[in-house]
Every structure is written in structure tokens, then in C-alpha cells.
Amino acid sequence: MINDIKNEILRLKKEKDVCIIAHTYQGEEILEVADYTGDSYKLSLDAKKTSCKNILMCGVRFMAETAKILSPEKRVVLANGDAGCPMAEQMSREYIEKIKKEYPDYSVVVYINTTASLKTVADVCVTSASALKIVRNMENKNILFIPDCNLGGYIAENVPEKNIKLLNGGCPVHAQITADEAKAAKCAHKDALLLVHPECKKEVVNEADFVGSTSAIIDFAKKSDKKEFIIGTEISIVEHLQFDCPDKKFYPLSKKLVCDDMKLTTLMDVYSALKGEGGLEITLDCDTIEKARHCIDEMIRLG
Ligand code: 13P
Ligand code: SF4
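So, here is what we can say about the structure in this document.

Reading the values: the criteria
- Numbering of residues starts from 1 in every chain and runs along the sequence as written.
- Lettering for chains starts from A, numbering for ligands starts from 1, and both go in the order in which the items are written.
- With pLDDT at 70 or above as the cut-off, local features in this predicted model cover only qualifying residues; side-chain atom pairs require 80 or more to be listed or tallied, and sums for whole chains, interfaces and linings still use all residues.
- Values shown for side chains rest on all heavy atoms present in the structure; no hydrogens or waters enter the calculation.
- Here, nonpolar core means buried Ala, Val, Leu, Ile, Met, Phe, Trp, Tyr and Cys residues that are tied together by side-chain atoms lying within 4.5 Å of each other.
- Exposure is judged per residue with a 1.4 Å probe applied to protein chains only, and the accessible area is read against the type maximum: over 50% gives exposed, under 20% gives buried, and values in between give partly exposed.
- Whether two residues are in contact is decided by their heavy atoms: any pair within 4.5 Å suffices.
- Residues are classed as near a molecule or strand on a simple rule: at least one heavy atom within 4 Å of it.
- Nonpolar residues are Ala, Val, Leu, Ile, Met, Phe, Trp, Tyr, Cys and Pro. Charged residues are Asp, Glu, Lys and Arg, and all others, Gly as well, are polar.
- Axis angles are defined between N-to-C directions and span 0 to 180 degrees, where every axis is a line fitted to C-alpha atoms and, for a helix, only to the segment in contact.
- Going along the chain from the N terminus, every DSSP run of H or I of four or more residues is numbered as a helix, and every run of E of two or more is numbered as a strand.
- For this classification, under 35 degrees means roughly parallel, over 145 means roughly antiparallel, 65 to 115 means roughly perpendicular, and everything else is oblique.
- Helix crossings fall into two classes, left-handed where the near helix is turned counterclockwise from the far one by less than a right angle and right-handed where it is turned clockwise.
- A pair of strands counts as paired when DSSP detects no fewer than two bridges linking them.
- Think of it like this: strands point away, you trace from the first strand over the helix to the second, and a clockwise trace means the crossover is right-handed.

1. Some details on the nonpolar core
- If you look at the biggest cluster of nonpolar residues, it comprises 90 residues, and the most contacted ones within it are Ile146, Val196, Ile231 and Leu253.
- Among residues more than four places away in sequence, those in contact with Leu253 are Ile177, Glu181, Ala182, Ala185, Leu194, Val196, Val204, Ile230, Ile231 and Gly232.

Below is the structure:
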């Protein structure tokens, strides 16, 4: 049955000239039918690259918006319209415009996990994979980083030559993990390396052997000579790594590391969206696309 749906998806995407793009937090069955998979930095480049007229995004809303900003001539559909990133909605454009007035000499660096509207008031966009390099390459010493204070704090520590002002946002999934949980996981798996996403709190990052984006964590684990790893990011990465590297062992840092929004998309959503019976078409006005595009183009230039 599941194979029939997969075959039908593969047939429909060809017939309708659709490119399926899926974030690595999606389930294995969705990654299997996707044309491109990866972290949010890679997905934004892939969305630009495809020659298909239609993009079907399996992930959360800001990822589909980014694809639309980069390819406004394409029809971009989010496979499950309810899938949003709670962090992306934390700060309004009006609030950031007010803060910008208080810090007129600061460049605004915005995490890609934000709405298109928020990107319109930013100078540069970053992803967790590209943030350190981009911030280092910026001319301005003064940086207002929004919204994730954990990723921002990690950048501040690793790029000490910059003066970074943080606001109080963050990912509710990664930020809930404590140093005690990290210590307990290390104690339970004494031979394992701890790999964590920089959206985790500093106290957790301090316990880690490696810190990186989802793709960087996957690459590190695959290339390492070590055999056991504790994974401090969304739990799907544990499954994907275990699937790809059966000779190694992967443990979740915590079973709480589940992003409910990323879990919303099902194979049936993909199928329905391809039939034109589901999903959410992303529409953005020209002004928003033009202004938000500037900071994404800067991300690609500086990254
Ligand atoms: P990446 O940039 O590593 O893909 O992370 C996206 C995300 O939503 C992490 O929670
Ligand atoms: Fe957003 Fe966190 Fe989910 Fe990533 S894991 S999509 S940052 S809520």
C-alpha cells in the first residue's frame, strides 16, 4: 500500500513538473520521494537551482516562504499548511523596527527560521550552517541578532571580534534541554560523542564534543571513526543516521527532542498536494519578496 502511494507520488511529480524538497527532520518515507533533502541552508540553494515550475516543500512554513522569495515565478506549496516553526513567529516586524531605532549603528542579522515579513527589515540572513562564516565576513562590528538567543550566543562566543546584541527568542524544542540531561546521557553512554545543534542552551553546548547544523551533525557522525553518538537535535536525525550507518549506534540526547510541526507532514499530504487537493500555496506580495530577498541574497554572497 505504502509503495503504491510512493509510486503514484513519483509519477505525479514528473507529470506535473514538481520538485519535492524536504528538510532532514522529515520522516524517512518523505525523504525517499524527495528530489532534494538537507538542512535549511542547502534547501534554500536547492530551491533556487531546480528547473521545475512547481516546488512542493516538506518542512515548515518559513522554508516554503524562502523558496518563494528565491523563485517568485514558481508555484510553491507547503505540503501541510499547518506546519509552522514556533520560533519563526516569535517577533513581529513592528517590534524589530522599534528595536532598530534604539540601535541605529547595528546591522540586523536574522535567522532563516523567521517569517518573510521579518526578513524585510534585516540586512543579512543566516542559517545555523552558515552563521559563523557570514557574521565573520560582515563589515559592521555591531550586530543585532534575531530571534534565537542560543544560536546568537554561540555566534558571539565564536566571533568575539563582533559586538552582538541578542533578543530573547529561541527554539522551544532545543532550548528545553538542560545540562543535567546532557550529563545523564553522557553517563549512560560513556563511549559516545555528544553532537548538538546550536539552538540548544549554552549549558548544553558546553557539554558537547561537536556543535553544528543538522547537516554538519550528520556529516560528522558519518565520517567519524567513533562508533557511538548522542544526538542533540530533532529525534528524526537519530533514525536517519541509524538507517544510513547500521554499524554505528545513535542515541537521542532526550526523547523530548521532537518538533511537532516537523512531524505534521505525512506521505498522504504529499500525495494530496500533488493531486491539487491539499497543501498551502505560498503567496507573498512583490514588496515583501523584493525586501526579504535582499537579506537572503546577502546570505548566499557572504556564505
Ligand atoms: P538547520 O538549519 O540545521 O536545518 O536547522 C533548522 C531547524 O529548524 C533547526 O531546528
Ligand atoms: Fe522551529 Fe525548533 Fe521545530 Fe526547528 S525544531 S522547526 S527551530 S520549532
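2. Side note on the site of ligand 2
- If you check the shell around ligand 2, you find Tyr25, Cys85, Pro86, Met87, Asn113, Cys171, His174, Glu199 and Cys259 and nothing else.
- A class-by-class count of the residues in the shell around ligand 2 yields six nonpolar, two polar and one charged.

3. Description of the packing of helix 11 (residues 214-223) against helix 12 (residues 236-244)
- For the pair helix 11 and helix 12, the least separation of the axes is 11 Å and the interaxial angle reads 30°. Between helix 11 and helix 12, the interaxial angle falls into the category roughly parallel. Along this stretch, helix 11 crosses helix 12, giving a crossing that reads as right-handed. Along the contact surface, helix 11 presents Thr214, Ile217, Ile218, Ala221 and Lys222, while helix 12 presents Ile237, Leu241 and Asp244.
- For the contact of helix 11 with helix 12, a count of residues per class yields five nonpolar, one polar and two charged.

4. Here's the deal with the pairing of strand 8 (residues 163-166)
- Inspection of the sheet shows strand 7 (residues 142-146) paired to strand 8 by four bridges, in the parallel sense. Bridge pairing in strand 8 links Asn142 to Asn163.
- Tracing the backbone out of strand 7, into helix 8 (residues 149-158) and back to the parallel element strand 8 gives a crossover that is right-handed.

5. Brief notes about the sheet that holds strand 12 (residues 249-252)
- Pairing within the open sheet is parallel, and its four strands lie in the order 10-9-11-12. Edge strands, defined here as strands with exactly one partner in the open sheet, are strand 10 (210-211) and strand 12.
- As judged from the two bridges shared by strand 9 (residues 193-196) and strand 10, these two strands associate in the parallel manner. The partner of Leu195 across the bridge, within strand 10, is Phe210.
- Its contacts with the sheet put helix 12 on strand 11 (228-232) and strand 12, and the angle it makes with strand 12 is roughly 175°.

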